[in-house]
Amino acid sequence: MADDIEAKLYHEDLPNIGRIAKNRTKQCCQPSTLKKFLPILDWLPKYNFSFLVADLVAGLTVGLTAIPQAIAYGSVAGLPTQYGLYSAFMGCFVYIVLGTCKDITVGPTAIMALMVQTHVTGSADYAVLLCFLSGCVILILGFLNLGVLVRFISVPVTTAFTTAAAITIGSGQINNLFGIKSPSNEFLESWENFFTHIKEARLNDSLLGVITLVVLLLLRKVKDLPCGYKVLTKYISLSRNALAVIIGIVLCYCLKDGDKLPFRASGEITKGIPDFKLPPFSTPGENGTTLGFGDMVSNLGASLASIPLISILESIAIAKAFSKGKIVDASQEMIALGCCNILSSFFSSMPITGSFTRTSINHSSGVQTTMGGAATGVLVLMALAFLTTTFSYIPKATLAAIIISAMIFMVEYERIYEIWKSKKIDIIPLAVTACVCLFWSLEYGMVCGIAVNAIFILYKSARPKIQIHLEKINSTPVAIVEVQENLCYSSAEYLKSKLIKFVAIQGDGIVKLVVIKGEEITNIDSTVAMNIISLKEDLSMLNCGLICWNWNYEAAGVVCRLHKKERSMFKFGKSLEDVVTDMAESTTLQLDTVNED
């Protein structure tokens, strides 16, 4: 038994790199690994006709929402409208092969569009390059199995980010809802422009925008009406965005007076499917100059990190929401999303990710496999090929109403209440994130929220829960120390200073022994080990001994390997009374030896 303890204390288990590499190599050669990277190989052999009908209906229903949303998000991104449609089809096809969640639809989203908008600077080349580079970053993270990174972003931060983005996007459309021209889609600038130019509101646009918004909100509830036509009301509710666009186009076309339109419209949309070509690695600059790849990357700046991160976060959050109890393979989802962005960039797409609205519609429509994305992608391609002239009549007020109606339900009211109810201090990172996102930028809002959360974690790790109480055991005053959390380098000095202060306050020579109970200390680092040894020396100056009782062998071994002579400080298995008795006898024996000398 004693030999086993010594072996555990003086032997440190290190990962066997050779064995890990060998196992990983074996896994790469197994059919299950191929199915993991190509999920279509798993479900396609089981595919049947009933699935095809369900996928077709769901895909077409999603497509009717994807088309008006893509047009709207192209406008939000500050790009020509057709770029929204360019972004809406390729991701659908790629996700069929690589995706793991049958409900997810990949394409342009409001948050992605808003984040891209600040980097477009009048040139779509930046948006397309950003799509390609974001895809590369996401793909590399997926191959490195770094899906775990999203766990470091807390729920209060993601809730605040989503809420702030929804408020910003909705605010950016308030001017279009009333037919007012606005130079900016930012939160403060949009409302300032609205109130200073409210006299310029156009009656036709205002009526169309407000009525469309009210009807869209009412149509969300049509599916819940108690009637005998549940299937009909369900699909009317799901297709509400498409119905709003069709009605808006018909009104705009029928009420036009020659070349004069009754509403501010989307304008001309370039007809045809985009050419398959490399993403732009250079772009025209000012005064006839050409900006190279390095200059473009420099101009994109922090977005090369923030957009992939937000893209991953959105997509994986949606996958978890619709996984129905299944474990989400975050790394495979990242691989799928990375490939979607890379291949989409060859068709002039802006960055894309999973869409919660369209995924919800896909799920409600009864989709059975990711094959539903094929119908959505084909519908978008048909719209690009044949309907772009028609789309030029879409009123901006209609698109604004569609966006605002979606953003109203992106604000996570219930989640904010749950955070407040469960732990009020979590409102701090939520509030910081929301305020920075609204009044500065989305990227820095997320960074600030993560930083505030990190400060909370670091503070907690630097000040672990330590309880000290004085007991008399076998007539010996003993300070019992209970450390209720793991110790790391940030908390090492805190433990030492708290113990020294406690012993000093009791008075000189009052406390004869300090016992640190170690049941909950599973691991320590070298800094903690050095501070434990230093603590023993400082306590000896106060005529006080130190015992580490029943520590985890792995934690105790760090100290023992640092200084072998400190092995005597650790006691295992014995009761606390026996430990104190042995310590008292040892101290008495030492004193007797000194007196004899």
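Residues numbered from 1 in each chain as written. Predicted model: local features only at pLDDT ≥ 70, side-chain atom pairs only at ≥ 80, totals over all residues. Heavy atoms only, no water.

1. Thoughts on the overall build of the protein
Using the following cut-off: Under the DSSP-based scheme used, a helix requires at least four consecutive residues in state H or I and a strand at least two consecutive residues in state E, with every element numbered from the N terminus. Atoms considered for the radius of gyration are the C-alpha atoms alone. The globule rule reads 2.2 Å times the number of residues to the power 0.38. Each residue is assigned to one of three classes by its accessible area relative to the maximum for its type, calculated with a 1.4 Å probe on protein chains only: buried under 20%, partly exposed between the two thresholds, exposed over 50%. Methods summary: accessible areas were calculated by the Shrake-Rupley approach with a probe of 1.4 Å, and residue burial reflects only the protein chains presented. His is not counted, nor are the chain ends; Lys and Arg add positive charge and Asp and Glu add negative charge. Charge positions come from single atoms, namely NZ of Lys, CZ of Arg, CG of Asp or CD of Glu.
Along the protein, the regular secondary structure elements total 29 helices and nine strands. A compact globule built from 597 residues should have a C-alpha radius of gyration of about 25 Å, whereas the protein, at 32 Å, is more than 25% larger. On the principal axes, the C-alpha backbone points of the protein span a range of 120 × 65 × 60 Å. Within the protein, the proportion of its 597 residues that are buried is 49%. Looking at the protein as shown, the accessible area adds up to about 29500 Å², and 62% of this sits on carbon and sulfur atoms. A gap of 9 Å separates the mean positions of the 49 positive and 48 negative side-chain charges of the protein.

2. Looking at the pairing of strand β5 (residues 466–473)
As a reminder of what qualifies: For two strands to be treated as a pair, DSSP must find at least two bridges joining them.
Note that β5 and strand β6 (residues 476–483) share eight bridges and pair antiparallel. If you follow His 469 over to β6, its bridge partner there is Ile 480. The hairpin formed by β5 and β6 contains two residues between the paired strands, and Asn 474 there has a positive phi angle of roughly 55°.

3. Observations concerning the confidence of the model for the protein
Interpreting fine coordinate detail is not advised for predicted regions of low pLDDT. Note the threshold: As a per-residue measure, pLDDT tells how confident the predictor is, with possible values from 0 to 100. Note on definitions: a residue-residue contact is assigned when non-hydrogen atoms from the two residues lie within 4.5 Å.
Averaged over every residue, the pLDDT of the protein is 83; the share at 70 or more is 91%. Every residue in residues 588–597 scores below 50 in pLDDT, and together they form zero contacts with partners more than four places removed in sequence or on other chains.

4. Examining the nonpolar core
The cut-off we apply is this: Residues grouped as a nonpolar core are buried Ala, Val, Leu, Ile, Met, Phe, Trp, Tyr and Cys residues, joined through side-chain atoms within 4.5 Å.
Core analysis: the biggest nonpolar cluster contains 106 residues, and Phe 391 and Met 407 have the highest contact counts within it. A per-element tally of this core places helix α9 (residues 124–143) first, with eleven residues. Those residues in contact with Met 407 that sit more than four places away from it in its chain are Tyr 73, Ala 110, Ala 166, Ile 169 and Gly 170. Leu 487, Ala 492, Ile 521 and Ala 555 belong to the second largest nonpolar core, which has 35 residues in total.

5. Here we look at a nonpolar patch on the surface
The line we're drawing: Two joining distances apply to patches: 9 Å for like charges and 5 Å for nonpolar side chains (Val, Leu, Ile, Met, Phe, Trp, Tyr), and every residue must have over 30% relative accessible area and no salt bridge. Think of a salt bridge as a Lys or Arg side-chain nitrogen and an Asp or Glu carboxyl oxygen that are within 4 Å of each other.
On the surface, Tyr 229, Leu 232, Ile 236, Leu 243, Ile 247, Leu 251 and Leu 255 cluster together into a nonpolar patch covering about 670 Å² of accessible area. Going through the elements one at a time, α14 (230–238) and α15 (240–254) are the ones with two or more residues in the nonpolar patch. Counting residues per element, the nonpolar patch draws most heavily on α15, which supplies three residues. Along the chain, Leu 243 falls in helix α15. With a relative accessible area of 35%, Leu 243 lands in the partly exposed category.

6. Some thoughts on the sheet that holds β5
Pairing within the open sheet is mixed, and its five strands lie in the order β5-β6-β7-β8-β9. Of all the strands in the sheet, the pair left with one neighbour each is β5 and β9 (570–571). Taken together, the two bridges between strand β8 (residues 545–549) and β9 define a ladder with parallel strand orientation. Bridge pairing in β9 links Cys 548 to Phe 570.

7. Observations regarding the UniProt feature "domain: STAS" (unreviewed entry) in the protein
Rule in force here: UniProt positions are given in the numbering used here, feature names are shortened, and annotations may be inferred rather than shown by experiment.
UniProt feature "domain: STAS" (unreviewed entry): in the numbering of this structure it lies at residues 468–539. With 44% helix and 26% strand, residues 468–539 has end C-alpha atoms that lie 15 Å from one another.

8. Remarks on the packing of helix α10 (residues 155–172) against helix α12 (residues 187–196)
What counts is decided by this rule: Every angle, taken between N-to-C directions, lies between 0 and 180 degrees, and every axis is a line fitted to C-alpha atoms, over only the stretch in contact when it is a helix. Just so you know how the angles are binned, under 35 degrees is roughly parallel, over 145 roughly antiparallel, 65 to 115 roughly perpendicular, and the rest oblique. Should the near helix be turned anticlockwise from the far one by less than a right angle, the crossing is termed left-handed; should it be turned clockwise, right-handed. Under the convention adopted here, Pro, Cys and the residues Ala, Val, Leu, Ile, Met, Phe, Trp and Tyr are nonpolar, Asp, Glu, Lys and Arg are charged, and Gly plus all remaining residues are polar.
Look at α10 against α12: their axes get within 8 Å of each other, and the N-to-C directions meet at 30°. Classed by the angle they form, the pair α10 and α12 counts as roughly parallel. Remark: the crossing between α10 and α12 carries left-handed chirality. Across the interface between the two elements, Ile 167, Thr 168, Ser 171 and Gly 172 from α10 touch Phe 187, Ser 190 and Trp 191 from α12. For the contact of α10 with α12, the residue count by class is three nonpolar, four polar and no charged.

9. Brief notes about the packing of aromatic side chains
As a reminder, the rule being used: Between 30 and 60 degrees the pair is tilted, below 30 it is stacked and above 60 it is edge-to-face, where a pair is any two Phe, Tyr or Trp rings, Trp via its six-membered ring, whose centres lie within 6.5 Å.
Applying the stated criterion across every chain, the model contains 18 aromatic pairs. Between Phe 37 and Phe 143, the ring centres sit 6.3 Å apart and the planes meet at 40°, which makes this aromatic pair tilted. In this pair, Phe 37 is assigned in helix α3 (residues 31–37) and Phe 143 in helix α9, connecting sequence segments 106 residues apart. On the basis of relative accessibility, which here comes to 55%, the residue Phe 143 falls in the exposed class. Taking 5.3 Å as the distance between ring centres and 85° as the angle between the ring planes, the aromatic pair formed by Tyr 253 and Tyr 393 counts as edge-to-face. Taken as a pair, Tyr 253 in helix α15 and Tyr 393 in the loop between α21 (388–391) and α22 (396–408) lie far apart in primary sequence, 140 residues in all. Taken together, Phe 89, Phe 132, Phe 276, Phe 281, Phe 293, Phe 346 and Phe 347 form an aromatic cluster joined through their ring pairs.

10. Quick word on unusual backbone geometry
Unlike most non-glycine residues, Asn 543 shows phi in positive territory, near 60°. Classification of Asn 543 by relative accessible area gives exposed; the value is 52%. Its identity as a non-glycine residue notwithstanding, Asn 550 has a phi of 55°, on the positive side. With respect to the secondary-structure elements, Asn 550 resides in the loop between β8 and α28 (553–562). Take Asn 550: its relative accessible area is 23%, and that puts it in the partly exposed class.

11. Brief notes about the pattern of salt bridges
Under the counting rule described, the total for this entry stands at six salt bridges. Across the pair Arg 415 and Glu 418 runs a salt bridge whose closest N-O atoms are separated by 3.5 Å. Highlighted residues: Arg 415 and Glu 418, both in helix α23 (residues 413–422), separated by three residues, approximately one helical turn. Look at Glu 418 and you get partly exposed, because its relative accessible area is 39%. Note that Lys 496 and Asp 538 form a salt bridge whose closest N and O atoms lie 3.3 Å from each other. In this pair, Lys 496 sits in helix α26 (residues 489–506) while Asp 538 sits in helix α27 (residues 526–541), placing the two residues 42 residues apart along the sequence. Looking at Lys 496, the relative accessible area reads 14%, which means it is buried.

12. Remarks on the pairing of β8
Cut-off, in case you're wondering: Here a crossover is taken to be right-handed if, once the strands point away from the viewer, the path from the first strand over the helix to the second is traced clockwise.
Burial analysis of β8 places five of its five residues in the buried class, the great majority of the element. By the bridge criterion, five bridges tie strand β7 (residues 513–517) to β8 in an arrangement that is parallel. Directly across from Leu 513, in β8, lies its bridge partner Gly 545. With α27 bridging β7 and its parallel neighbour β8, the resulting β-α-β unit is right-handed. For the handedness criterion, the β-α-β arrangement of β8, α28 and β9 is classed as right-handed.

13. A few points about helix α7 (residues 90–98)
Every α-helix winds through 3.6 residues per turn, so residues three or four apart in the chain are directed the same way. Counting buried residues in α7 gives seven out of nine residues, a clear majority hidden from the surface. Of the residues making up α7, those classed as buried are Met 90, Gly 91, Cys 92, Val 94, Tyr 95, Ile 96 and Leu 98.

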